[in-house]
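A closer look at the structure
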Amino acid sequence: MKNPKFHLESLWQNNTFFKVISVLIAFIIWVVAAMNMKTDIPREIKEVPVAMDNQTSFITRMGLTTIGEENLFVDVTIEGQRLVVGSIKPEDIAVSVDLTSVNGAGNFSLPLVAENVSGKNFTISSISPSTVNLKFDRMVTKKFGLDLQIEGLTVPEEGYLMEEAVISPTEISVTGPDTDIAKISRCVAPVDHEGSLTKTTVFSCDILLLDKDGNEIDTSGLTIDVKQAEVTIPILKTVDLPVKVDFLNVPASLNLKNLKYTVSNETITVAGTADEIDKYSEILLGYIDFKTLDLESSYTFDVELPENFINVAHTETIAVSFDWTDMEAKEFTVTNLSLINEPAGYDAKLLTNRIAKVKVVGPAAVLETLTSDDLVAQIDLSKRSVETGQFRTAVSISAPLKDLVWAVGDYTAVVVISEKD
């Protein structure tokens, strides 16, 4: 087998070979020409970042901060040999702001400075734009009270009461440029609700900053520690509740309906949450003990309401007066004494056989015919612990067959208790 021979003559007859050689030669000629060309060409480098931190310490020493414009980009025109400028990228150029004219807070138009940081041979001919407008100010933090602003909100004219609204938080902190903070006159949480409320409602409100003329301030350059406030509008239900008094030590035979008395306020207007106030049908003022209810007696009670109720009319006291017309008082000696509810296994004996000077109150017509025989003194031994020996105990005196008759005062009798044999 014969090896194929390479024939140079065949290459000269190959069109593809001639095309490759032509391109290669042209490229070499272009490179040599470009390298030896003395004339510089311009090129614009787009989107070169502007460094803002190269003179931070200079600004900081004056207590200033750059406001806004955090990301700036410019176009830089450079000149140099074609091969060099063709390889330049934005990171090969450092653009910074010349801050030497900044002498305090305010707005400044500052020149930009560009520098070749690539180590390659090219020059910078222009920057577009060549200046930048920057604002410098002192950053401060100030606390403001938060006011409530309610519009359009109502409650029904009858049956409901709107208490003072509660706002949380009551104070906010705002951080920003000193000149912008100085424009803040008020901080408000607006509640805008059309219609009536019949129950306690909580609103979430965006916090607004207002200037001295009541105009809303743009907060884009400010930092607020709380963006929303929670506003609670307490709505209470109001109702007129009857008032009443209860009586203690009422004789069993006495019908309270026949006892004539009046109260200075038959009802009291109160307010409270609907679920709580609906539990009450009346307000108990207090108690009157028949043992202290004497002719010309009258009572004044402090109004004490259930917890979280509101005394709408501020009625602080209510008086209870009795009609003593045709009523009188007399003294009797009670001789009809008896023991009830004697303890099992014990003997009980009364040592007292009469109680003198018992003051009895009742209708004059009844007392005119009342005798000692109509009065009964009972000692209820179930109301004390069982102990042997002699002791003094309370006596309950009544007129079982007479209505609207009672004994005024405290009376006692001596009893002896011993164990049965």
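We now turn to the structure provided with this report. (Residues numbered from 1 in each chain as written. Predicted model: local features only at pLDDT ≥ 70, side-chain atom pairs only at ≥ 80, totals over all residues. Heavy atoms only, no water.)

**Considering the overall build of the protein chain**
Heads up, the rule is: Going along the chain from the N terminus, every DSSP run of H or I of four or more residues is numbered as a helix, and every run of E of two or more is numbered as a strand. Under the scheme applied here, a residue whose accessible area is under 20% of the maximum for its type counts as buried, over 50% as exposed, and between as partly exposed, the area being computed with a 1.4 Å probe on protein chains only. We call two residues in contact when some of their heavy atoms are within 4.5 Å. Values of accessible area rely on a 1.4 Å probe in the Shrake-Rupley scheme; residue burial ignores everything except the protein chains shown. Charge convention: Lys and Arg are scored as positive, Asp and Glu as negative, and His as well as the terminal groups of each chain are ignored. To locate a charge, the coordinates of NZ of Lys, CZ of Arg, CG of Asp or CD of Glu are taken.
For the protein chain, the helix and strand inventory stands at seven helices and 31 strands. Dimensions of the protein chain, computed from C-alpha atoms along their principal axes, come out at roughly 165 × 80 × 45 Å. The buried share of the protein chain, reckoned over its 421 residues, is 32%. Of the contacts formed within the protein chain by residues at least 6 apart in sequence, a portion of 75% connects residues at least 24 apart. When the accessible surface of the protein chain is split by element, carbon and sulfur atoms take 49% of a total near 25,900 Å². Of the side chains in the protein chain, 35 bear a positive and 61 a negative charge, and the two mean positions are spaced by 9 Å.

**Brief notes about the sheet that holds strand S4 (residues 93–97)**
Basically, it comes down to this: By this definition, two strands are paired if DSSP reports at least two bridges between them. Axis geometry follows a simple rule: fit a line to the C-alpha atoms, using only the stretch in contact for helices, then measure angles between N-to-C directions, giving values from 0 to 180 degrees.
Ordered by their spatial adjacency, seven strands build an open sheet running S2-S7-S5-S4-S1-S3-S6, and the pairing between neighbours is mixed. Among the strands making up the open sheet, the edge pair consists of strand S2 (65–67) and strand S6 (123–128). Strand-to-strand twist of the sheet, defined as the mean angle between neighbouring strand axes without regard to direction, takes the value 40°. Examined bridge by bridge, strand S5 (residues 106–116) and strand S7 (residues 131–137) share six bridges and lie antiparallel to one another.

**Overview of the side chain of Asp92**
Let me state the cut-off plainly: Here a salt bridge means any side-chain nitrogen of Lys or Arg lying within 4 Å of a carboxyl oxygen belonging to Asp or Glu. Here a polar contact is taken to be a pair of N or O atoms separated by no more than 3.5 Å, where protein atoms must pair a possible hydrogen donor with a possible acceptor and residues adjacent in sequence count only if both atoms sit in side chains.
Relative to the helices and strands, Asp92 resides in the loop between helix H4 (82–85) and S4. Although buried, Asp92 forms no salt bridge, and the nearest oppositely charged side chain, Lys120, lies 4.5 Å from it. A polar atom in the side chain of Asp92 sits 2.9 Å from the backbone nitrogen of Lys89.

**Comments concerning the packing of aromatic side chains**
The line we're drawing: By convention, a stacked pair of Phe, Tyr or Trp rings (six-membered ring in the case of Trp) has centres within 6.5 Å and planes under 30 degrees apart, an edge-to-face pair has planes over 60 apart, and any other such pair is tilted. Throughout this description, the term charge over a ring refers to an Arg CZ or Lys NZ atom that lies within 6 Å of the ring centre and within 35 degrees of the ring normal.
Evaluation of the coordinates by the stated rule reveals 10 aromatic pairs. For the ring pair Phe247 and Tyr261, a centre distance of 5.6 Å and an interplane angle of 70° mean the geometry is edge-to-face. Here Phe247, found in strand S17 (residues 235–248), pairs with Tyr261, found in strand S18 (residues 261–263); they are 14 residues apart in sequence, far enough to count as distant. By relative accessible area, which is 14% here, Phe247 ends up buried. The ring of Phe391 carries the charged tip of Arg384 above its face, separated from the ring centre by 3.7 Å.

**Some words on the pattern of salt bridges**
On inspection of all chains with the given rule, the structure shows 12 salt bridges. Between Lys46 and Glu44 there is a salt bridge, with its nearest N and O atoms 2.9 Å apart. Residue class for Lys46 comes out partly exposed when judged on its relative accessible area of 49%. A relative accessible area of 39% means that Glu44 is categorised as partly exposed. For Arg186, the salt bridge goes to Asp147, with nearest N and O atoms at 3.3 Å. Taken together, the residues Arg186 in strand S12 (residues 186–196) and Asp147 in strand S8 (residues 139–154) connect sequence positions 39 residues apart. A cluster of three or more residues bridged by salt bridges with shared partners is formed by Glu44, Lys46 and Asp75.

**Quick notes on the sheet that holds S8**
The pairing of strands in a sheet comes from backbone hydrogen bonds and takes either a parallel or an antiparallel form. Taken in spatial order, the five strands make up an open sheet running S14-S12-S8-S11-S15, and their pairing is mixed. Edge positions in the sheet fall to strand S14 (208–210) and strand S15 (223–224), since each of these pairs with one other strand and no more. Where S12 lies against S14, three bridges are found, and the strand directions are antiparallel. Across the sheet, Cys187 pairs through a bridge with Leu209, a residue of S14.

**A short note on the environment of Lys183**
Residue placement: Lys183 occurs in the loop between helix H5 (178–181) and S12. Taking the C-alpha atoms as reference points, Lys183 and Ser125, 58 residues apart in sequence, are found 43 Å from one another.

**Focus on the side chain of Thr238**
Within the secondary structure, Thr238 is located in strand S17. A polar contact is formed between the side chain of Thr238 and the backbone nitrogen of Tyr160, at a distance of 3.4 Å. Beyond its immediate chain neighbours, meaning those up to four positions away, Thr238 contacts Gly159, Tyr160, Leu161, Val270, Ala271 and Val312.

**Remarks on the pairing of strand S31 (residues 411–419)**
In this structure, strand S26 (residues 346–350) lies alongside S31, joined through five bridges in antiparallel fashion. In the strand pairing of S31, Ala348 is matched with Ile417. Pairing of strand S29 (residues 389–398) with S31, which is carried by seven bridges, proceeds in the antiparallel orientation. By the bridge assignment for S31, Val395 is matched with Tyr411.

**A few points about the pairing of S5**
Pairing of S4 with S5 involves five bridges; the strand directions are antiparallel. Looking across to S5, one finds that Val95 is bridged to Ala114.

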